[in-house]
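# Inside the fold
So the chains spell out like this:
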Amino acid sequence: MVKQGSIIKINFNPQSGHEQAGYRPALIVSNDFFNEKTNMTIVCPITNTNNKFPLHVPLDSRTQTTGVILCEQLRSLDIEARGYHFIEMVPGDILENVIDIVFSEIEILD
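If you're wondering where the values come from, they're calculated on a predicted model, not measured in any experiment. Every chain is numbered independently, its residues counted from 1 as its sequence is written. Totals for whole chains, interfaces and linings use all residues, but because this is a predicted model, local features are given only for residues with pLDDT of at least 70 and pairs of side-chain atoms are given and counted only at 80 or more. Note: side-chain values were computed over all heavy atoms of the structure, leaving out hydrogens and water.

### Some details on the pairing of strand β1 (residues 6-11)
This is how it is decided: Whether two strands pair comes down to DSSP finding at least two bridges between them. Numbering of helices and strands starts at the N terminus; helices are DSSP runs of H or I of at least 4 residues and strands are runs of E of at least 2.
Inspection of the sheet shows β1 paired to strand β7 (residues 84-89) by five bridges, in the antiparallel sense. Looking across to β7, one finds that lysine 9 is bridged to histidine 85. Strand direction decides the pairing type here: β1 and strand β2 (residues 23-28), joined by five bridges, are antiparallel. Bridge pairing links asparagine 11 to tyrosine 23 in β2.

Written out as structure tokens, the structure reads:
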């Protein structure tokens, strides 16, 4: 079982509209309890196109994976059915930044 903070490579096809497609890296943002109990995993795709969008979190020299994490493109996937490959763990501060952005996308604003 994968863990929160894992970077995996997975096939995002099929896709629709502006969604990321293809076999690419992704960051697992769902916690281990969710992953185990639902047999689903919530991920954010990673791309090498850095357009400085405020909901993108760049990876740095601490990871072999390059690019930015697309926090606005959360997807819930059955990664076992799609097939995946574990790459590495993301540093804790990057994971915390991604989780903060994801929560801010769904919080109730007054």
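### Some points on the side chain of serine 6
Going by this rule: Contacts described as polar in this section are N or O atom pairs within 3.5 Å, which, within protein, must combine one atom able to donate a hydrogen with one able to accept it, while residues neighboring in sequence count only if both atoms come from side chains. Contacts between residues were defined by any pair of non-hydrogen atoms, one from each residue, lying within 4.5 Å.
Checked against the element boundaries, serine 6 lands in strand β1. Of the polar contacts made by the side chain of serine 6, one reaches the backbone oxygen of lysine 3; its length is 2.8 Å. Not counting residues within four places of it along the chain, the set of residues in contact with serine 6 comprises Ala26, Leu27, Ile28, Phe86, Glu88 and Met89.

### Considering the environment of threonine 66
The residue threonine 66 is located in the loop between β4 (56-58) and β5 (68-70) in this model. With sequence-adjacent residues up to four places away left out, threonine 66 is seen in contact with Ile46, Thr47, Asn48 and Leu59. Polar contacts involving the side chain of threonine 66 include one to the side chain of asparagine 48, which spans 2.8 Å.

### Focus on the environment of proline 45
The topology assignment puts proline 45 in strand β3 (residues 41-47). Sequence separation of proline 45 and phenylalanine 103 is 58 residues, and the distance between their C-alpha atoms is 17 Å.

### Some details on the pattern of salt bridges
We count it as follows: What makes a salt bridge here is a side-chain nitrogen of Lys or Arg within 4 Å of a carboxyl oxygen of Asp or Glu, nothing more. Partly exposed describes any residue whose relative accessible area lies between the buried limit of under 20% and the exposed limit of over 50%, with all areas from a 1.4 Å probe on protein chains only and scaled to the type maximum.
Enumeration according to the criterion identifies two salt bridges in this entry. Residue aspartate 60 is joined to arginine 62 by a salt bridge in which the shortest nitrogen-to-oxygen separation is 2.8 Å. What makes aspartate 60 partly exposed here is its relative accessible area of 32%. Across the pair arginine 62 and aspartate 93 runs a salt bridge whose closest N-O atoms are separated by 2.9 Å. With a gap of 31 residues between them, arginine 62 in the loop between β4 and β5 and aspartate 93 in helix α3 (residues 92-106) connect regions that are remote in the sequence.

### Here we look at the nonpolar core
Using the following cut-off: What is meant by a nonpolar core is a set of buried Ala, Val, Leu, Ile, Met, Phe, Trp, Tyr and Cys residues, joined one to another through side-chain atoms within 4.5 Å.
Core analysis: the biggest nonpolar cluster contains 16 residues, and Leu27, Val57, Leu59, Ile69, Cys71, Val90 and Val98 have the highest contact counts within it. Elements represented by at least two residues in this core include exactly β3 and α3. When residues of this core are assigned to their parent elements, the largest contribution, six residues, is made by α3. With residues near it in sequence (within four places) discarded, valine 57 still touches Gly67, Val68, Ile69, Cys71, Ile94, Asn97, Val98 and Ile101.

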